[in-house]
Amino acid sequence: MNRLMVNALQVGIATALAMGISACNRDASADAGLANAASTASGADSGAKYARVVSVDPIRKTVNNPRQVCHDEVVTHNEPPKDQHQIAGTAIGAVAGGLLGHQVGGGKGKTLATVAGAVAGGYAGKKIQENRQEAKVTSTTERKCETVNDSSTKVVGYNVRYEYNGVTRTTRMDHDPGDRVQVQEGVVSVSDAQ
């Protein structure tokens with residue numbers, strides 16, 4: 001019977017030890033659960049929180065880039081004739097008309113015919129030179145430049161509207177965040193959440 005008693009005692013001691021260890025583990029788990037609840041209530045939760053992005057509006061800036069554009073252009077110039085008053089035509093016409101008039105008539109009539117021929121010849125010579133005389137036309141190539149504004153538009157940021165816990169807020173970001181943004185206490189804290 002001694003042997004049976006020793007075995008029973010050993011089983012009893014093993015059971016008591018097992019129960020004691022189990023009770024210690026339950027107490028430790030309960031203490032850890034209370035500590036987690038307290039840290040969550042105080043805001044020390046280490047899990048990331050995200051807000052839903054409602055809209056993303058790009059902010060654009062227009063930049064003017066002035067530049068000079070040059071091209072060659074042919075320009076024509078009209079130079080007036082050298083003999084603007086047709087003096088040569090008038091003189092030649094007067095001499096020719098005077099010679100013709102001198103051939104007509106005699107005495108005082110000859111003088112009158114010479115003068116009349118000179119006047120008529122001078123007028124005719126002037127008109128002939130006027131009709132044949134053209135202005136001298138010259139062409140030159142000139143470089144003409146003008147300033148042209150090339151404008152370009154670039155995105156310089158984004159106005160992001162997001163919703164967190166039923167509250168909608170707006171923030172400015174340097175890139176499009178996608179569908180969600182990471183928040184801390186309801187305010188965007190990390191702008192590169194995807």
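Residues numbered from 1 in each chain as written. Predicted model: local features only at pLDDT ≥ 70, side-chain atom pairs only at ≥ 80, totals over all residues. Heavy atoms only, no water.

1. Here's the deal with the overall build of the protein
Helix and strand counts for the protein come out as three helices and five strands. Ordered by position in the sequence, the α and β elements of the protein form the string α-β-α-α-β-β-β-β. Taking the contacts inside the protein whose residues are at least 6 apart along the sequence as the reference set, 72% of them involve residues at least 24 apart. Total accessible area on the protein stands at roughly 14,600 Å², and carbon and sulfur atoms take up 55% of it. (Helix = DSSP H or I, 4+ residues; strand = E, 2+ residues; numbered from the N terminus. Contact = heavy atoms within 4.5 Å. Areas by Shrake-Rupley, 256 points an atom, 1.4 Å probe, with all protein chains shown as cover.)

2. With respect to the state of the cysteines
What the rule picks out here adds up to one disulfide. A disulfide bridge connects C70 with C145, and the sulfur atoms are separated by 2.0 Å. Its S-S torsion of approximately 110° makes the covalent link between C70 and C145 right-handed. Separated by 75 residues along the polypeptide, C70 in strand 1 (residues 49-79) and C145 in strand 2 (residues 136-164) bring together distant segments of the chain. A relative accessible area of 30% means that C70 is categorised as partly exposed. (Disulfide = S-S within 2.5 Å. Buried < 20%, exposed > 50% of the residue type's maximum accessible area, 1.4 Å probe, protein only.)

3. Concerning the confidence of the model for the protein
For the protein, the average pLDDT comes to 75, and 76% of its residues sit at 70 or higher. Here helix 1 (residues 2-41) is the element of the protein with the lowest mean pLDDT, 59, and strand 3 (residues 167-173) is the one with the highest, 90. Note that residues 28-44 has pLDDT below 50 and, in this model, two contacts with residues that lie over four places away or in other chains. (pLDDT = per-residue confidence, 0-100.)

4. Some thoughts on the packing of aromatic side chains
Summed over the entire model, instances satisfying the criterion amount to zero aromatic pairs. One Lys or Arg, R180, reaches over the ring of Y50 and ends 3.8 Å from the middle of that ring. (Phe/Tyr/Trp six-rings, centres within 6.5 Å; stacked < 30°, edge-to-face > 60°. Lys NZ or Arg CZ within 6 Å of the ring centre and 35° of its normal.)

5. Some points on the pattern of salt bridges
As enumerated under the stated definition, the model contains four salt bridges in all. For R52, the salt bridge identified is with E163, shortest N-O distance 2.8 Å. Remark: E163 occurs in strand 2 and R52 occurs in strand 1; sequence separation between them is 111 residues. E163 gets classed as partly exposed once you look at its relative accessible area, which sits at 30%. With a closest N to O distance of 2.3 Å, D150 and R67 form a salt bridge. On the criterion of sequence distance, the pair formed by D150 in strand 2 and R67 in strand 1 is long-range, its members being 83 residues apart. (Salt bridge = Lys/Arg side-chain N within 4 Å of Asp/Glu carboxyl O.)

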